[in-house]
Amino acid sequence: MDQPRSLLAGYRRLELAAGERRRVTVHLTSRTLSSWSGAAAGFVLGTGRRRLRVGRSAADPGLVAAVEVRSS
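What you are looking at is a predicted structure, and each value in this text was computed from that prediction instead of being measured.

Undergrad: With reference to specific residues and values, describe the confidence of the model for the protein.
TA: Put simply, the protein has an average pLDDT of 87, and 99% of its residues get 70 or more. When pLDDT is averaged over each element of the protein, strand β2 (residues 42-45) comes out on top at 91 and strand β3 (residues 48-54) at the bottom at 87.

This is the structure:
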């Protein structure tokens with residue numbers, strides 16, 4: 001199944017002072033990681049290895065981590 005190369009799966013706006021650190025949680029649902037399948041006539045979870053990027057903008061990916069998406 002074709003999956004988008006990149007997509008905005010979630011975001012959280014916050015302001016930090018210089019040097020300040022804060023833990024941030026952004027919840028993702030299986031629908032967020034799904035793509036439309038004409039054959040299945042619905043959304044299908046794209047499984048496999050995905051690259052998760054966290055940063056200030058799409059131009060500045062900041063942190064990058066690999067995650068494995070599995071169907072339940």
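Undergrad: If you had to explain the pairing of β2 to someone new, which residues and values would you point to?
TA: Across 4 bridges, strand β1 (residues 34-37) lies against β2 in antiparallel orientation. Bridge pairing in β2 links serine 35 to valine 44. The antiparallel hairpin formed by β1 and β2 contains 4 residues in its connecting segment, where alanine 41 sits at a positive phi of about 50°.

Undergrad: A description of the environment of arginine 5 should follow, citing residues and the corresponding values.
TA: Positionally, arginine 5 belongs in the segment before β1. Spatially, the C-alpha atoms of arginine 5 and arginine 50 are 9.7 Å apart, while their sequence positions differ by 45 residues.

Undergrad: Residue-level account of the pattern of salt bridges, with values.
TA: Within the structure shown, the criterion is met by 3 salt bridges. Linking arginine 56 and aspartate 60 is a salt bridge whose minimum nitrogen-to-oxygen distance equals 2.8 Å. Given a relative accessible area of 77%, arginine 56 falls into the exposed group.

About the cut-offs
- Residues numbered from 1 in each chain as written.
- Predicted model: local features only at pLDDT ≥ 70, side-chain atom pairs only at ≥ 80, totals over all residues.
- Heavy atoms only, no water.
- pLDDT = per-residue confidence, 0-100.
- Helix = DSSP H or I, 4+ residues; strand = E, 2+ residues; numbered from the N terminus.
- Pairing = 2+ DSSP bridges.
- Salt bridge = Lys/Arg side-chain N within 4 Å of Asp/Glu carboxyl O.
- Buried < 20%, exposed > 50% of the residue type's maximum accessible area, 1.4 Å probe, protein only.

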